[in-house]
Amino acid sequence: MKIVKILSLLSLIFFCASCSNDDNIFHLKTIKISEYAQHKSLPEQHFYLKIFDNSSTESIAHTEDFSGSLPLPVILKAEPSPEMYLYAKPYRIELWGEVSGFIGSCTVNMDDYKITFPIDMEVKSNNLEVAIQGSWE
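This text gives an overview of the structure that appears in the document. This structure is a prediction, so every number in the text was calculated from the model and none was measured.

## Looking at the overall build of the chain
Along the chain, the regular secondary structure elements total two helices and ten strands. In sequence order, the secondary structure elements of the chain are arranged as α-β-β-β-β-β-β-β-β-α-β-β. Considering the chain as a whole, with its 137 residues, one finds that 37% of them fall into the buried category. Long-range pairs, those at least 24 residues apart, make up 57% of the contacts in the chain between residues at least 6 apart in sequence. When the accessible area of the chain is evaluated, it comes to approximately 8000 Å², of which 56% is carbon and sulfur surface.

Rendered as structure tokens:
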């Protein structure tokens, strides 16, 4: 009985702490690419990701280039490490190739995911699957 009370109390504390993330800032550190459309059929080239506030056409961050010959998954560092208000508005991640141009995108919209601590959150669309990784301020 005592263990149940302790677990209930810990669960309540965790729930209350998770609710406070609504106004906190998420710092995106890395993005892991798990899959992208036409992975095998694209010409040999270097790829990179751009991160956008979904309402803007100017990127807030990008990743380093990586060779299309690398096996997936690939983990890339975001530069600069953008401050993101994940609970307040959606963000868009786009995959670009140096030869083929725009390849695909997916949207990070917390209304769709309801994840308390998106430290390693998977997001996918028909043509791109990534996981964003970072920390809360």
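## Describing the packing of aromatic side chains
A complete count under the given rule lists three aromatic pairs for this structure. Look at Y36 and F47: their rings are 5.3 Å apart centre to centre, the planes differ by 50°, and that puts the pair in the tilted class. Here the residue Y36 occupies a position in strand β1 (residues 26-36), and F47 occupies one in strand β2 (residues 46-53), the gap between them amounting to eleven residues. In this structure, Y36 and F47 share a single accessibility class: buried. Measuring from ring centre to ring centre gives 5.6 Å for F47 and F66, while their planes differ by 35°; the resulting arrangement is tilted.

## Re the nonpolar core
Grouped together as the largest cluster of nonpolar side chains are 29 residues, with contacts concentrated most on I93 and L95. Within the residue set of this core, elements represented by two or more residues are β1, β2, β5 (74-79), β7 (91-97), β8 (101-108), β9 (120-124) and β10 (128-136). Per element, the largest residue contribution to this core is five residues, and it comes from β1.

Criteria and cut-off values
- Counting of residues starts from 1 at the beginning of each chain's written sequence and follows it residue by residue.
- For a predicted model such as this one, the threshold for reporting local features is a pLDDT of at least 70, and the threshold for listing and counting side-chain atom pairs is 80 or more; totals across whole chains, interfaces and linings nevertheless cover every residue.
- In computing side-chain values, all of the structure's heavy atoms are included and hydrogens and water are not.
- Here a strand is any run of E in DSSP of at least two residues, a helix any run of H or I of at least four, and the numbering for each starts at the N terminus.
- Exposure categories follow from relative accessible area, calculated using a 1.4 Å probe and restricted to protein chains: below 20% of the type maximum is buried, above 50% is exposed, and the middle band is partly exposed.
- Only heavy atoms matter for contacts: two residues are in contact if any of them lie within 4.5 Å across the pair.
- What sets the accessible areas is the Shrake-Rupley method with a 1.4 Å probe; for residues, cover comes only from the shown protein chains.
- In this scheme Phe, Tyr and Trp rings, the latter by its six-membered ring, pair at centre separations within 6.5 Å, and the angle between planes marks the pair as stacked below 30 degrees, edge-to-face above 60, and tilted otherwise.
- Buried Ala, Val, Leu, Ile, Met, Phe, Trp, Tyr and Cys residues form a nonpolar core when they are joined through side-chain atoms within 4.5 Å.

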